[in-house]
Amino acid sequence: MRTPVIAGNWKMYKTAGESAAFVKEFLPLVAGVRGVEIVLAPPFPSLSVVASLASGTNVGVASQNVHFATEGAYTGEVSPPMVKDAGARYAIIGHSERRQYFAETDDSANRKVKAVLAAGLVPILCLGETLLEREAGKTFEIAGRQLRAGLQGIAAAESRKVVVAYEPVWAIGTGKTATPEQAQEVHAFLRGILKELWGVGAADGVRILYGGSVKPENISDLMSNADIDGALVGGASLKANAFAAIVKFN
Ligand code: PEP
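Parameters and conventions
Residues numbered from 1 in each chain as written. Predicted model: local features only at pLDDT ≥ 70, side-chain atom pairs only at ≥ 80, totals over all residues. Heavy atoms only, no water. Near = heavy atom within 4 Å. Polar contact = N/O pair within 3.5 Å; in protein donor to acceptor, adjacent residues only side chain to side chain. Helix = DSSP H or I, 4+ residues; strand = E, 2+ residues; numbered from the N terminus. Buried < 20%, exposed > 50% of the residue type's maximum accessible area, 1.4 Å probe, protein only. Axes fitted to C-alpha atoms, helices over the stretch in contact; angles between N-to-C directions. Parallel < 35°, antiparallel > 145°, perpendicular 65-115°, else oblique. Left-handed = near helix turned anticlockwise from the far one by under 90°. Contact = heavy atoms within 4.5 Å. Nonpolar A, V, L, I, M, F, W, Y, C, P; charged D, E, K, R; others polar. Core = buried A, V, L, I, M, F, W, Y, C linked by side-chain atoms within 4.5 Å. Phe/Tyr/Trp six-rings, centres within 6.5 Å; stacked < 30°, edge-to-face > 60°. Lys NZ or Arg CZ within 6 Å of the ring centre and 35° of its normal. Salt bridge = Lys/Arg side-chain N within 4 Å of Asp/Glu carboxyl O.

Colleague: Give a description of the site of the ligand that names residues and reports values.
Modeller: The ligand sits among 14 residues. The nearest are Lys11, Glu167, Gly173, Ser213 and Gly234. In the environment of the ligand, an oxygen atom lies 2.8 Å from a nitrogen or oxygen atom belonging to the side chain of Lys11. Within the contact set of the ligand, an oxygen atom lies 2.8 Å away from a backbone nitrogen or oxygen of Ser213.

Colleague: Now, about unusual backbone geometry: what can you tell me, with residues and values included?
Modeller: With a phi close to 50°, Lys11 is a non-glycine residue in the positive phi region. Mapping Lys11 onto the fold places it in the loop between β1 (5–9) and α1 (16–30). Note on Lys11: relative accessible area 18%, which makes it buried. Although it is not a glycine, Ser213 sits at a positive phi angle of roughly 55°. Summarising the element assignment, Ser213 is placed in the loop between β7 (207–211) and α10 (219–223). Since its relative accessible area comes to 16%, Ser213 is described here as buried.

Colleague: Describe the packing of α1 against helix α11 (residues 240–247), listing the residues and the values that go with them.
Modeller: Packing of α1 against α11 leaves a shortest axis separation of 9 Å and a crossing angle of 30°. The pairing of α1 with α11 is recorded here as roughly parallel in orientation. Note that α1 runs across α11; the crossing there is right-handed. For the pair α1 and α11, the contacting residues are Phe22, Glu25, Phe26, Leu29 and Val30 in the first and Ala240, Asn241, Phe243, Ala244 and Val247 in the second. Here the contact of α1 with α11 is built from residues that sort into eight nonpolar, one polar and one charged.

Colleague: Mind laying out the nonpolar core, listing which residues take part and the relevant values?
Modeller: Ile6, Phe26, Ile38, Leu40, Leu147, Tyr210 and Phe243 are the most contacted members of the largest nonpolar core, which has 66 residues in total. Counting residues per element, this core draws most heavily on helix α8 (residues 180–198), which supplies six residues. Discounting chain neighbours no more than four positions away, the residues touching Phe26 are Ile38, Leu40, Val59, Ala240, Phe243, Ala244 and Val247. The next biggest cluster of nonpolar side chains, apart from the first, holds 14 residues, and it includes Val39, Ile124, Val163 and Leu232.

Colleague: Explain the packing of aromatic side chains residue by residue, including any values.
Modeller: Inspection of every chain in the model, using the stated rule, returns five aromatic pairs. Here Phe26 and Phe243 contribute two aromatic rings whose centre-to-centre distance is 5.4 Å and whose plane-to-plane angle is 25°, an arrangement assigned as stacked. Of the two residues, Phe26 sits in helix α1 while Phe243 sits in helix α11, which places them 217 residues apart along the sequence. Residue classification places Phe243 among the buried positions, given a relative accessible area of 0%. Connected via pairs of aromatic rings, a cluster forms that spans Trp10, Phe22, Phe26 and Phe243. Directly above the ring of Trp10 sits Lys14, whose terminal nitrogen or CZ lies 5.4 Å from the centroid.

Colleague: How would you summarise the pattern of salt bridges if you had to cite specific residues and measurements?
Modeller: What the rule picks out here adds up to 12 salt bridges. Notably, a salt bridge pairs Arg191 with Asp229, separated by 2.7 Å at the nearest N-O pair. Placement of the pair is Arg191 in helix α8 and Asp229 in the loop between α10 and β8 (230–233), with a sequence separation of 38 residues. The exposure class assigned to Asp229 is buried, which follows from its relative accessible area of 6%. Each of Arg2, Arg191, Asp227 and Asp229 takes part in salt bridges that share partners, so that together they form one network.

This is the structure we're talking about:
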């Protein structure tokens, strides 16, 4: 069985001090939780403080992005070994806000997934269609293309280290959650592609998270679907109580 992943993406919120205060409040709330991988993705300046406070607990840390090079003349960028050194074990890749505002592409996402794996981190590859694409009946075409392109050149042997997050763009930060049926339909489709790419056994081990206005009120319904293996949570991960309630979905 796949261990669910519940990851909180703080986006560009919380100073280092605010991040530390969150972690101190959050850790006791989830200390007894077993069988769920809990992940916090703070902004870069908070990575070390969150990682050191969470060290030895059941809470892991992710970066929200990385560059695909190990080091170099890339002003303003941060590499996978750097976030690993700061204590991250996961890296969110290709989030729709990166694609929308920072010109990220399927190709850059693929390069980043490879760099993250090479550094020994777990990539959380994000993908999903816009409202226009859904209304034009292109959901499967877009999500399928993003998945295949993002994982191009990744061998089945690496599959266990890969996490995928289906995040319909129209559901991110809008309060409009995909229905559990809509999400499950796309997740099953994505797992079908993973089977084509890597075979049934490997595909069955990949966690596919849902993201888009996940809240304490809707997480249980989402998680009751066969192919929904966790959540990537934005807004509701900023409050310790709300995020703890999501982590404790069952
Ligand atoms: C996200 O940032 O990945 C996200 C899903 O945000 P929200 O939960 O606020 O929709």
